[in-house]
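# Analysis of the macromolecular model
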Amino acid sequence: MDGYGVPEIFEENAFGLTEQLYRDIKYVLKVPIVNFIFRTLALYEPFLSMGWQQIRPNMLTINMEQAAETLRYPNISMELPDIRWENYYSTADIKRIRETVYTFNYVNPKLLLIASAWIESLSYRPVAGKGKVEGFIPPGVLTSLPDITLIQIPSASKQVQMLLHNIATAHHGYEAASDFRALARYPYFLATSWNYLRPNVESNEYTLIQSDLKNKAIRLVHNEMPFLVNVTRETLRPYMTLAQIAGVMGVLSMFREAIAGLIVDGEFFRRILE
């Protein structure tokens, strides 16, 4: 943890079971980063271990890969400026920015499905499991994806700290998500893109798309997820206090909201790079 914003356990500080979970999460979700939701839930290790054990087989199926695809690339009509990024970045840097955006666009729909399944289960609406598996996907981080390095906010420049604080505030969050902390390594891109995205964040269109993504994710986990997800407060009670279980619910609710927004943000970034 860095003592800043939302508590979390970074990959380099993970040991024992948490380190094993992190390694497996990347292996199954096929991305080179352990996302913010898991780094915070690692503070509630009994839940993350039990919850991941139930989610894991689902996320290795074609069912969930296809479900995630239906959440990816929402139809947005936000005004997109014509910016010649080659005037500010090398070809190699532009390629890396695109790959970074793609990484989060690829994984965020999966995270929304996972968070939705866990919330439904903890709310006594267990995911019964469709039963029919369309097929399995090979695990392993996609070789086309770059290594992702997050800006450590306390050691970032004042300008970057202010930018990330502005982003977090606009999203009603306590800290900027991993997506923004990765893109903050390209501060001109992030600051310029955010300048155009910011006015849309509280628009009716943005709110409606965000709500639609959350509702669609709930339907998908109940209709398409092939295996049971039934981690409950009762199954957690021998390992966690009631306050800790309430903390898990709070974390999941916060991240479900944030991830739905990040899917919209990611589509904006993808289009602005075109």
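Reference entry: report on the structure contained in this document. Counting restarts for each chain, with residues numbered from 1 along the sequence as it is written. Owing to the predicted nature of the model, reporting of local features is limited to residues with pLDDT of at least 70; listing and counting of side-chain atom pairs is limited to 80 or more, with chain, interface and lining totals taken over all residues. To obtain the side-chain values, all non-hydrogen atoms of the structure were included, while hydrogens and water were left out.

### Quick look at the overall build of the chain
Each helix and strand counted, the chain has eleven helices and zero strands in total. For the purposes of this entry, the term helix denotes a DSSP run of H or I that reaches at least four residues, the term strand denotes a run of E that reaches at least two, and both are numbered from the N terminus. Order of helices (α) and strands (β) in the chain, N terminus to C terminus: α-α-α-α-α-α-α-α-α-α-α. In this description the radius of gyration comes from C-alpha coordinates, and the expected globular size is given by 2.2 Å times residues to the power 0.38. A globule of 274 residues ought to have a C-alpha radius of gyration of about 19 Å, and the chain, at 18 Å, matches this closely. Dimensions of the chain, computed from C-alpha atoms along their principal axes, come out at roughly 55 × 40 × 35 Å. The cut-offs for exposure are 20% and 50% of the maximum accessible area for each residue type, with area from a 1.4 Å probe on protein chains only; residues under the lower value are buried, those over the upper are exposed, and the others partly exposed. Expressed as a percentage of the 274 residues in the chain, the buried residues total 54%. Taking the intrachain contacts of the chain between residues at least 6 apart in sequence as the baseline, contacts between residues at least 24 apart amount to 86%. A 1.4 Å probe and the Shrake-Rupley method give the accessible areas. Residues count as covered only by the protein chains that appear here. For the chain, the computed accessible surface area is about 12,400 Å², with 53% contributed by carbon and sulfur atoms. Counting rule for charge: Lys and Arg are taken as positive, Asp and Glu as negative, and neither His nor the chain ends is counted. To locate a charge, take atom NZ for lysine, CZ for arginine, CG for aspartate or CD for glutamate. Within the chain, one finds 26 positive and 28 negative side-chain charges whose respective centroids are separated by 3 Å. Note on contacts: a residue pair qualifies if any of its non-hydrogen atoms lie within 4.5 Å across the two residues.

### What to know about helix 6 (residues 158-170)
How far a helix is expected to stretch is found by multiplying one less than its residue total by 1.5 Å. Between its first and last C-alpha, helix 6 extends 18 Å over 13 residues, near the 18 Å set by a 1.5 Å rise per residue. Buried within helix 6 are the following residues: Val160, Gln161, Leu163, Leu164, Ile167, Ala168 and Ala170. Structurally, helix 6 contributes buried residues whose contacts are with helix 7 (178-183) and helix 8 (187-197). The first or second residue beyond helix 6 is histidine 172, which carries a positive phi of 55 degrees.

### Observations concerning the nonpolar core
With 97 residues, the main nonpolar core has Leu29, Phe38, Phe47, Trp118, Leu164 and Phe189 as its most contacted residues. Every residue in contact with leucine 164, bar those within four places of it in the chain, is listed here: Ile151, Ile153, Ala176, Phe180, Arg181, Ala184 and Leu190. Take the buried residues of types Ala, Val, Leu, Ile, Met, Phe, Trp, Tyr and Cys, join any two whose side-chain atoms come within 4.5 Å, and each joined set is a nonpolar core.

### Observations concerning the pattern of salt bridges
Here a salt bridge means any side-chain nitrogen of Lys or Arg lying within 4 Å of a carboxyl oxygen belonging to Asp or Glu. The final tally for this structure, using the stated rule, is 17 salt bridges. The salt bridge partner of lysine 130 is glutamate 134, with a shortest N-O separation of 3.6 Å. Of the residues examined, lysine 130 reaches a relative accessible area of 36% and is grouped as partly exposed. Given a relative accessible area of 40%, glutamate 134 falls into the partly exposed group. Taking the shortest distance from any N to any O, the salt bridge between lysine 214 and glutamate 257 comes out at 2.5 Å. Linking lysine 214 in helix 9 (residues 204-224) with glutamate 257 in helix 11 (residues 242-273), this pair joins segments that are 43 residues apart in sequence.

### Here's the deal with the packing of helix 4 (residues 62-71) against helix 9
Axis definition: a line fit to C-alpha positions, over the contact stretch in the case of helices; interaxial angles, taken between N-to-C directions, run 0 to 180 degrees. In contact at an axis separation of 10 Å, helix 4 and helix 9 are set at 165 degrees when each is read in the N-to-C sense. On the basis of the axis angle, helix 4 is roughly antiparallel to helix 9. Where helix 4 crosses over helix 9, the handedness of that crossing is right-handed. Across the interface between the two elements, Asn63, Met64, Ala67, Thr70 and Leu71 from helix 4 touch Leu213, Lys216, Ala217, Leu220 and Glu224 from helix 9. In this classification, the charged set is Asp, Glu, Lys and Arg, the nonpolar set is Ala, Val, Leu, Ile, Met, Phe, Trp, Tyr, Cys and Pro, and all remaining amino acids, among them Gly, are polar. Across the contact of helix 4 with helix 9, the residue classes tally to six nonpolar, two polar and two charged. The scheme is simple: roughly parallel for angles under 35 degrees, roughly antiparallel for over 145, roughly perpendicular for 65 to 115, oblique for anything else. What makes a crossing left-handed is the near helix being turned counterclockwise from the far one by less than a right angle; a clockwise turn instead makes it right-handed.

### Observations regarding the packing of helix 4 against helix 5 (residues 91-122)
Contact pair helix 4 / helix 5: the axes reach a minimum separation of 8 Å and the direction vectors enclose 110 degrees. Between helix 4 and helix 5, the interaxial angle falls into the category roughly perpendicular. Residues Met64, Glu65, Ala67, Ala68 and Leu71 of helix 4 lie in contact with helix 5, whose contacting residues are Tyr106, Pro109, Lys110, Leu112 and Leu113. Here the contact of helix 4 with helix 5 is composed, by residue class, of eight nonpolar, no polar and two charged.

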